[in-house]
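Letter by letter, the chains look like this.
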Amino acid sequence: MPAVISCVMPVHNAERYLAAAVESVLGQNYPYFELILVDDGSSDGSSAICGEFSRRDDRVKLLSQPNRGASAARNAGLAAASGRYLAFVDADDILKPGAFAAVARAAASDPDLVSYGFEWREGEKSTPALYPAFQCDLDGFWPHFVGYYQSNQFFSLCNKAYKLETVRRAGLAFDEGLRTGEDIAFNFAFWPHIGRMAHLGESFYEYWVHPSTLTHAATLDNLITSQRVLDQMEAFVTAAGRPELAAPLIDSQRPHDALSFYTLLLDRTKLYPLAKRQAALAALFSSEVWYPALLKGLAGVPGLYGKYLRLAARAKSPALACLPLRLRGAK
């Protein structure tokens, strides 16, 4: 039987976690799938690991290309996919047992999208991201939208299976010019093409928060990405005739994002030059939109550290905010 699910895994310098990620896919108890490994110019041992899996298991297809980024790797996998549904697994995460079988059962009703819950894993700590199960057409989705969005179900590629025919008919691809947020942009572009969707209330994916993940994923342009996502969301609901949904989501999301960005700039584990941190803080403090959101987010931070963060923010002083970095020897 031909593959029902095409699973695309972009791979770039992931040798430490790659084997576990691949095994989590190959160990699924549903047999009708293909795994497309896209080696995106790896310079560590990832290429050899990919090659070994492709030689020993005929469900694995290996594509190799010069390093062009995750979007280009996903586009290559999308072009090579032959299944009815398209899924994504990152090379440092884990697909939980039973995921493909659950997707296949949901696919029996021929939805354009199947989504499911997931969890963040950091060492022994697990934080679930779940929303109750439902099935609906696009009109029926709107009563779920705010809860689905706020429970982080909307953003990721890796908790979804997309009907490949719908993706191709809509002419969709990943924007290779985006450094961050390309997965969210893809979802915003895909959603208007949904005839029916099914959401499974169980967790079938583990997003692993590794030290290397944190170092490389968090960047000084996170706030730009956050604003772009909020703009996309507002345009999305407005085009759907639901503009009233935007304001409560923006009001809840912006303080969270501002606080995350602020604490990122003070995190000495990130390899950002002090001058760039201070410039980013100055931009944050001078923003008529993001600065009030930051103060709102800071109101909920407890303890002496919270008081210090509020003091530095109210003083609008990048030097004061970065003082702990200098005291602890940051460059």
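Basis of the calculations
- Residues numbered from 1 in each chain as written.
- Predicted model: local features only at pLDDT ≥ 70, side-chain atom pairs only at ≥ 80, totals over all residues.
- Heavy atoms only, no water.
- Helix = DSSP H or I, 4+ residues; strand = E, 2+ residues; numbered from the N terminus.
- Rg over C-alpha atoms; globule rule 2.2 N^0.38 Å.
- Buried < 20%, exposed > 50% of the residue type's maximum accessible area, 1.4 Å probe, protein only.
- Contact = heavy atoms within 4.5 Å.
- Areas by Shrake-Rupley, 256 points an atom, 1.4 Å probe, with all protein chains shown as cover.
- pLDDT = per-residue confidence, 0-100.
- Salt bridge = Lys/Arg side-chain N within 4 Å of Asp/Glu carboxyl O.
- Disulfide = S-S within 2.5 Å.
- Pairing = 2+ DSSP bridges.

1. Notes on the overall build of the protein chain
So, point 1. Looking only at helices and strands, the protein chain has 15 helices and ten strands in total.
So, point 2. By the compact-globule yardstick of 20 Å for 331 residues, the protein chain fits well, its C-alpha radius of gyration being 21 Å.
So, point 3. Projecting the C-alpha coordinates of the protein chain onto the three principal axes gives extents of approximately 65 × 50 × 35 Å.
So, point 4. Looking at the 331 residues of the protein chain, the share that counts as buried comes to 53%.
So, point 5. If you take every contact in the protein chain between residues at least 6 apart in sequence, the share linking residues at least 24 apart comes to 77%.
So, point 6. With the model as given, the accessible surface of the protein chain reaches about 14900 Å², and the carbon-plus-sulfur share is 56%.

2. Some words on the confidence of the model for the protein chain
So, point 1. Taken over all residues, the pLDDT of the protein chain has a mean of 92, while the share at 70 or more is 95%.
So, point 2. Considering only residues more than four positions removed or in separate chains, one finds that residues 327–331, a stretch of pLDDT under 50, has eight contacts.

3. So, the pattern of salt bridges
Oppositely charged side chains are able to pair whenever their charged atoms sit close together.
So, point 1. For the coordinates displayed, the defined rule picks out twelve salt bridges.
So, point 2. Here arginine 55 ties to glutamate 52 by a salt bridge, and the two come within 3.4 Å at their closest N and O atoms. Of the two residues, arginine 55 and glutamate 52 are both situated in helix α2 (residues 46–56); the distance of three residues between them amounts to about one turn of the helix.
So, point 3. The residue arginine 74 makes a salt bridge to glutamate 182 at a minimum N-O spacing of 2.9 Å. In this pair, arginine 74 is assigned in helix α3 (residues 70–80) and glutamate 182 in helix α7 (residues 182–190), connecting sequence segments 108 residues apart.
So, point 4. On the accessibility criterion, arginine 74 (7% relative accessible area) is buried.
So, point 5. On the basis of relative accessible area, glutamate 182 is assigned to the buried category, the value being 10%.
So, point 6. Within this structure, Arg74, Asp90 and Glu182 form a network of salt bridges that share partners.

4. Overview of the state of the cysteines
So, point 1. Applying the stated rule across the entire model yields zero disulfides.
So, point 2. In this model cysteine 7 remains outside any disulfide bridge; the closest cysteine sulfur is found in cysteine 158, 8.4 Å from its own.
So, point 3. Summary of cysteine pairing: cysteine 50 is not part of a disulfide, and the nearest cysteine sulfur, belonging to cysteine 7, is at 13 Å.
So, point 4. Look at cysteine 50 and you get buried, because its relative accessible area is 0%.

5. Examining the pairing of strand β10 (residues 196–208)
So, point 1. Here strand β5 (residues 94–95) pairs with β10 via two bridges, running antiparallel. Counterpart to isoleucine 94 in the pairing with β10 is glutamate 206.
So, point 2. Across eight bridges, strand β6 (residues 113–122) lies against β10 in parallel orientation. What sits directly across from arginine 121, in β10, is tryptophan 208.

6. Focus: the pairing of strand β7 (residues 125–129)
Looking along a regular strand, one sees side chains alternate from face to face of the sheet.
So, point 1. The pairing of β6 with β7 spans five bridges and is classified as antiparallel. Bridging from a neighbouring strand, glutamate 119 pairs with proline 128 of β7.
So, point 2. The loop that links β6 with its antiparallel partner β7 comprises two residues; one of these, glycine 123, has a positive phi angle of about 65°.

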